Amino acid sequence: MERRVRVRFAPSPTGALHIGGVRTALYNYLFARSHGGDFILRIEDTDSQRFVPGAEAYIIEALKWCGIKTDEGVEQGGPHAPYRQSERKAIYLQYAQQLIDSGNAYYAFDSAESLDAMRKEAESKGQTFAYNYQVRNQLETSLKLSADEVRQRIERGDQWVVRFKMPENENVEMDDIIRGHITINTSTLDDKVLYKSADQLPTYHLANIVDDHLMEISHVIRGEEWLPSLPLHYLLYRAFGWTDTQPQFAHLPLLLKPQGQGKLSKRDGDKFGFPVFPLRWVAPDGEVSAGYREDGYLPEAFINMLALLGWNPGTEQEIFSMDELISAFSLEKVSKAGARFNPEKAKWFNAQYIRKCDDAKLAELLLPMLAEKGVSTTVERAAKAVSLIKERATFPKDLLPLTEYMFVAPSSYDEKSVAKFWKPENVENLKKLAVKLAEFDKITAAETEPAIHQWIVDNQMSMGQLMNTLRIAILGISQGPSIFDICEFIGKDETLRRIEAAMKANG
Ligand code: GLU
């Protein structure tokens, strides 16, 4: 029987969720949905030193904003609850014990000071200290001490950790859906800590493997930074006897800086002025980081942009809705190479989605901005205004300057435009145009515009000169969308009023 697809996004609540993390969540979600499987949100909060209050709530809100829906997780619960590792504390010790009993792990009693001293000594010889098969038999471990001594130490309350006993010299053969077959010799690996008596908590490695097993995870899709942990994870599955149901792995490529090599960092964002977080984040120390949401990105545009950073559909298509992403996505089309982040492309996607956006929805965004300028109008009027200019907007905030003049007559006139077009001959023709326009019942782009164009030709006037002069009168500047659309929008009376006012103001 085909195994049910179950994937998890397993962030540690150590701060704001980086957009690389959002992409990991997205790919997990797309993979789950495209296979009719489950997407689980598990919070890996066993590292109490790095725990940051507010980070979990941030992660949940960010996923919601992105439209990534969880099937099981900290919020909605599920058959494998709890989904927060700190609440699963009681589960892990027995598994550490199981590994000790089977000879795959051991107790180590080394104090922080003695480990530090060993590290310093190695450094002084130009080496790096590794807790591994070469040293473990000589150190304060259950491999060296007698069973009685170990028991006594534990009973008298000495601090201990459980370490994985890495095989000395064995090739670990691994498969990754994106990277193919990988072989690593264990002689290069150290004995990682799995459990600590000090806080009675497992480390990431133990908790992660135990939970993936218990939660019946079928595929682990995570960032490339976890690839070095893969041999240990393979060996842990083997040590537990869970190889048969071990998940398949896929390690995603890094998100790279816009320029050059290296992982995209918060500092790059600060330097080049783009957010690296989905939502604004206020760190416990008060430091504020920008977010895509607050910077005016539409979630659909943000998700579309992220999806294409590391995955490509194999076609020219660039604009994908979430449903289209779900149908097109496959892990096989995720690249091995890092994906360079391009902030300009992010803006391009946003502009595309503003264009696609419903006029009424954009009107809802515009209305409060207009209200702040003292303009009150209807959703219908705002939607009509938006329909004329939305192709020129990158962010919702652009809608205000692009439409404001449709609701408020200009109070000043652009000097450059005036110098270029407000000449006696043009003003004379504008006066005539006003008389001509007054003859129409109402001004429409469909009927008035061609009629006026014909009238200009018949009267041997310059179309460009006169239309730009009209623009100055109506908008205050000789730029903008089709002027007859604007005149139709503001109406005949207002058009004539603005022409008259411009004549008075500019002489
Ligand atoms: N807690 C790990 C993280 O913060 C999860 C890694 C994994 O998916 O195995 O990224």
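What you see is a predicted model, and the numbers here were worked out from it, not measured in a lab.

Chemist: How do you make sense of helix α7 (residues 230–240) when you look at a structure like this?
Modeler: Every α-helix winds through 3.6 residues per turn, so residues three or four apart in the chain are directed the same way. Of all 11 residues in α7, 10 are buried; the element is thus mostly enclosed. The set of residues buried in α7 consists of Leu230, Pro231, Leu232, His233, Tyr234, Leu235, Leu236, Tyr237, Ala239 and Phe240. Gly241 lies just past α7 and shows a positive phi near 80°.

Chemist: I'm lost on the site of the ligand in this one. Help?
Modeler: Around the ligand, the surrounding shell consists of Arg8, Ala10, Pro11, Ser12, Glu44, Tyr204, Asn208, Arg222 and Trp226. In this structure, an oxygen atom belonging to the ligand sits 2.7 Å away from a side-chain N or O atom of Tyr204. Contact between the ligand and Arg222: an oxygen atom at 2.9 Å from a side-chain N or O atom of the residue. Alone, the ligand offers 290 Å² of accessible surface; in the complex the protein occludes 84% of this. Taken together, the residues of the shell around the ligand break down into four nonpolar, two polar and three charged.

Chemist: Would you mind going over the pattern of salt bridges with me for this structure?
Modeler: Opposite charge on two side chains allows them to pair when their charged atoms are near. Counted by the stated rule, this structure contains 36 salt bridges. The partner of Asp71 in a salt bridge is Arg33, with the nearest N and O atoms 3.2 Å apart. Of this pair, Asp71 sits in the loop between α2 (55–66) and β3 (72–73) while Arg33 sits in helix α1 (residues 19–34); the two residues are 38 residues apart in sequence, bridging distant segments of the chain. Among the salt bridges present, the one from Lys266 reaches Glu287, with a minimum N-O distance of 3.3 Å. In this pair, Lys266 sits in helix α8 (residues 266–272) while Glu287 sits in the loop between β13 (281–282) and β14 (288–289), placing the two residues 21 residues apart along the sequence. Its relative accessible area of 25% is what places Lys266 among the partly exposed residues. Residue class for Glu287 comes out partly exposed when judged on its relative accessible area of 40%. Through salt bridges with shared partners, a single network forms among Arg4, Arg6, Asp38 and Glu72.

Definitions and cut-offs
Residues numbered from 1 in each chain as written. Predicted model: local features only at pLDDT ≥ 70, side-chain atom pairs only at ≥ 80, totals over all residues. Heavy atoms only, no water. Buried < 20%, exposed > 50% of the residue type's maximum accessible area, 1.4 Å probe, protein only. Helix = DSSP H or I, 4+ residues; strand = E, 2+ residues; numbered from the N terminus. Near = heavy atom within 4 Å. Polar contact = N/O pair within 3.5 Å; in protein donor to acceptor, adjacent residues only side chain to side chain. Areas by Shrake-Rupley, 256 points an atom, 1.4 Å probe, with all protein chains shown as cover. Nonpolar A, V, L, I, M, F, W, Y, C, P; charged D, E, K, R; others polar. Salt bridge = Lys/Arg side-chain N within 4 Å of Asp/Glu carboxyl O.

All we've got here are geometric facts, nothing functional implied.
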